[in-house]
Amino acid sequence: MDRGDISLGCATALVESLARAGVRHTCLSPGSRSTALALALARNDRFAVHVFLDERSASFFALGVAKASGEPVVLACTSGTAAAEYFPAIVEASQSRTPLVVLTADRPPRLRGTGANQTIDQRELYGMYARAYLEPPVPETPNDALAWSDTGRRAVEAANGEPAGPVQVNCSFDEPLVPASASVAMPPGLDAVSPTRDRDVAAARVAAVRFLETYGGRRGVLAIGGLPAPETLSLLSLGALLGWPVLAEPLSGLRLDASDAGSALAAGSFLIGDADWLARHRPEVVVQVGATPTTRSTQQFAGSAASLVVLDHAHLNPDPQERAEHRIRVDPELFAGIAWDERDALSITPCDASWLDAWREADLIARARLDRALDAWEEPFEGRVARDVASFVPHGGALFVGNSTPVRDLDAFMAPRRPPRIWTARDLLRVLANRGASGIDGLVATTLGVAAAHAGPTYALVGDLSFLYDAGTLLWSSRLGVDAVFVVLANGGGQIFSMLDQVALPEHEELFVTPHPARIEAVCAAAGVGHVGVDRAADLASALERAARAGGVQVVEVAIDAERDRSRREELRNMLSATLREH
């Protein structure tokens with residue numbers, strides 16, 4: 001058996017170990033040094049294999065698959081700068097607790113630091129952003145396959161651990177790289193790895209009881225940030241149990257009107273963003289659930305609470321200012337379910353009904369006033385686009401939302417959805433985003449990854465700069481065989497800077513907004529994807545319907561007048577502020 005066969009045998013043992021641990025998707029990019037890895041992954045029929053010319057696109061696609069599925073995804077590339085192209089996606093995966101197993105092919109260790117071609121020092125290439133760094137031995141004998149198998153087991157355990165995240169496996173191969181034999185024998189003794197994680201029920205019960213005893217009966221607000229897809233409505237029910245209003249970001253999956261189980265506010269960001277109204281309805285306690293709030297207004301609202309409780313176990317520090325009175329490190333959904341179960345035994349009564357009534361009344365009036373204003377405008381407005389796209393995506397669909405303005409507009413304008421009468425987690429709308437590091441890179445690839453892993457229809461709402469930043473991925477999209485509809489807000493560049501302090505700088509337009517010369521329709525034509533333009537707000541729904549029926553990758557470009565958009569935002573704030581003065 002020559003070295004090429006031994007290398008393939010070791011790579012096959014690694015890949016089989018990953019497959020037995022429940023990994024099902026892999027993203028490959030072409031390269032010579034990674035030949036054994038590519039062959040082992042392609043020849044294992046338990047893997048869906050996605051091939052990308054560009055490692056950066058591959059890594060963000062893998063990120064989307066992992067976010068949508070909740071399972072580790074394998075990345076495999078050749079040596080040198082190819083591995084460095086993964087870095088932005090690995091940062092996002094680390095920050096957002098998304099499991100990836102990154103297989104970086106490498107030259108043998110003896111070539112490090114010698115100036116050998118396509119050789120860099122890949123040891124711990126991703127530094128603190130990797131949950132673990134593993135390096136199996138250079139394949140020399142068939143017996144090395146057992147060490148490679150054990151490396152696969154350890155990689156999945158680390159990627160699925162607490163906290164979940166990316167793991168680098170640096171795989172050194174010596175020449176020859178191409179095996180001489182058509183197949184290799186599998187080594188014995190490959191044990192499966194369970195991808196499941198235990199939930200500490202006992203700790204959650206203790207925390208829930210203490211919480212109810214301490215905060216039951218007080219005036220509070222439940223502010224729910226980004227979370228994994230909900231399996232129950234227990235967090236909404238916790239608001240109903242306590243008699244508290246619920247602010248649910250779309251990324252929580254709980255922007256729902258679920259009747260008896262509880263309902264999220266429909267105009268909550270406008271209520272807490274109005275200083276006068278909030279001064280008259282300031283809570284005694286805010287429970288911040290899940291990831292750090294997306295918007296500044298929610299961050300300030302939570303941070304200014306007399307008592308702040310942070311309920312989260314899966315994110316980076318959701319209380320960076322260390323303002324929390326208590327940090328409860330348990331699964332929020334489990335915590336809320338136990339709290340509901342314990343309600344009778346503890347004789348917990350909600351706070352006085354006037355508290356929740358005041359929030360709900362103001363919310364109902366503000367939402368109605370908001371919708372009337374949006375519906376009266378003929379020209380597209382970004383807030384209405386966010387509202388209408390979220391309403392259009394069917395039950396069981398996925399909506400990937402871009403950073404900067406789109407994710408904030410979705411939080412402000414998305415109306416609560418009514419869940420199906422009988423549902424599972426797959427029947428709710430999944431709202432996903434790359435909020436770990438909040439970059440604008442790789443959003444097209446991430447959306448396509450979501451589409452590859454998600455069973456339902458997939459849509460995206462992104463700005464034109466984010467879309468163009470990842471235009472290279474579009475060139476590869478036709479071969480992926482996925483369906484996805486992109487709604488692109490064509491507002492002429494990074495308009496979020498027009499809402500920040502940079503707007504006062506004389507270099508504002510040139511250095512921050514960075515208007516682009518690209519024609520999105522021409523970019524779509526070059527990539528072979530569908531395109532339709534929308535310049536009237538009422539035409540968006542029909543354009544989305546046509547794009548969904550067409551299949552494949554489709555782009556709905558919505559023309560936005562940036563200056564008019566800014567003035568309408570101010571008009572809405574003034575209008576709602578005047579409305580809320582009476583409530």
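Relevant structure appears above.
Rules used throughout
Residues numbered from 1 in each chain as written. Predicted model: local features only at pLDDT ≥ 70, side-chain atom pairs only at ≥ 80, totals over all residues. Heavy atoms only, no water. Helix = DSSP H or I, 4+ residues; strand = E, 2+ residues; numbered from the N terminus. Phe/Tyr/Trp six-rings, centres within 6.5 Å; stacked < 30°, edge-to-face > 60°. Buried < 20%, exposed > 50% of the residue type's maximum accessible area, 1.4 Å probe, protein only. Expected span 1.5 Å × (residues − 1). Contact = heavy atoms within 4.5 Å. Polar contact = N/O pair within 3.5 Å; in protein donor to acceptor, adjacent residues only side chain to side chain. Pairing = 2+ DSSP bridges. Axes fitted to C-alpha atoms, helices over the stretch in contact; angles between N-to-C directions.

Asks: How do you make sense of unusual backbone geometry when you look at a structure like this?
Replies: Most peptide bonds take the trans form, and the phi angle of most residues other than glycine is negative. Geometrically, the link from glutamate 162 to proline 163 is a cis peptide bond, its omega value of 5° lying close to zero. As for its placement among the helices and strands, proline 163 is situated in the loop between α6 (144–159) and β6 (166–172). A cis amide bond links glutamate 175 with the next residue in sequence, proline 176, at an omega value of 0°. Within the secondary structure, proline 176 is located in the loop between β6 and α7 (201–215). Positive phi, normally seen in glycine, also occurs at glutamate 124, with a value near 50°.

Asks: Looking at this model, I keep getting lost on the packing of aromatic side chains. Mind explaining?
Replies: Geometrically, a pair of aromatic rings is defined through the distance of the ring centres and the angle of the planes. Taken as a whole and judged by the stated rule, the model has 14 aromatic pairs. Pairing phenylalanine 87 with tyrosine 129 gives two aromatic rings, centres 5.9 Å apart and planes at 75°, and the pair type is edge-to-face. Here phenylalanine 87, found in helix α5 (residues 87–95), pairs with tyrosine 129, found in the loop between β4 (100–106) and β5 (132–134); they are 42 residues apart in sequence, far enough to count as distant. Classification of tyrosine 129 as partly exposed rests on a relative accessible area of 23%. When the centroid spacing of 5.4 Å and the interplanar angle of 35° are considered together, the rings of tryptophan 148 and phenylalanine 173 count as tilted. With tryptophan 148 in helix α6 and phenylalanine 173 in the loop between β6 and α7, this pair connects stretches of sequence that are 25 residues apart. Note on tryptophan 148: relative accessible area 0%, which makes it buried. Residue classification places phenylalanine 173 among the buried residues on the basis of a relative accessible area of 1%.

Asks: Is there a simple way to think about helix α23 (residues 562–580) in this case?
Replies: Helical periodicity: at 3.6 residues per turn, an α-helix aligns residues three or four positions apart in one direction. Taking 1.5 Å as the rise per residue, α23 with 19 residues should run 27 Å; its terminal C-alpha atoms sit 27 Å apart, in good agreement. Taken together, the buried residues of α23 touch α9 (268–273), α10 (275–280), α14 (353–376), α15 (382–392) and α16 (405–413). Capping the start of α23, aspartate 561 holds a side-chain oxygen 3.2 Å from the backbone nitrogen of glutamate 563, two or three residues further along.

Asks: Would you explain the sheet that holds strand β13 (residues 430–432) in this entry?
Replies: Whenever strands of a sheet pair, they do so through backbone hydrogen bonds, lying parallel or antiparallel. Across the sheet, which stays open at both edges, the six strands sit in the order β13-β12-β14-β15-β17-β16 with parallel pairing between neighbours. With one partner strand each, in any of the chains shown, β13 and β16 (530–534) form the two edges of the open sheet. Neighbour-to-neighbour, the strand axes of this sheet turn through a mean angle of 20°, independent of strand direction. Set on the sheet, α15 makes contact with β12 (398–401), β14 (458–463), β15 (484–490) and β17 (553–559); between it and β15 the angle comes to about 170°.

Structural measurements only, silent on function.
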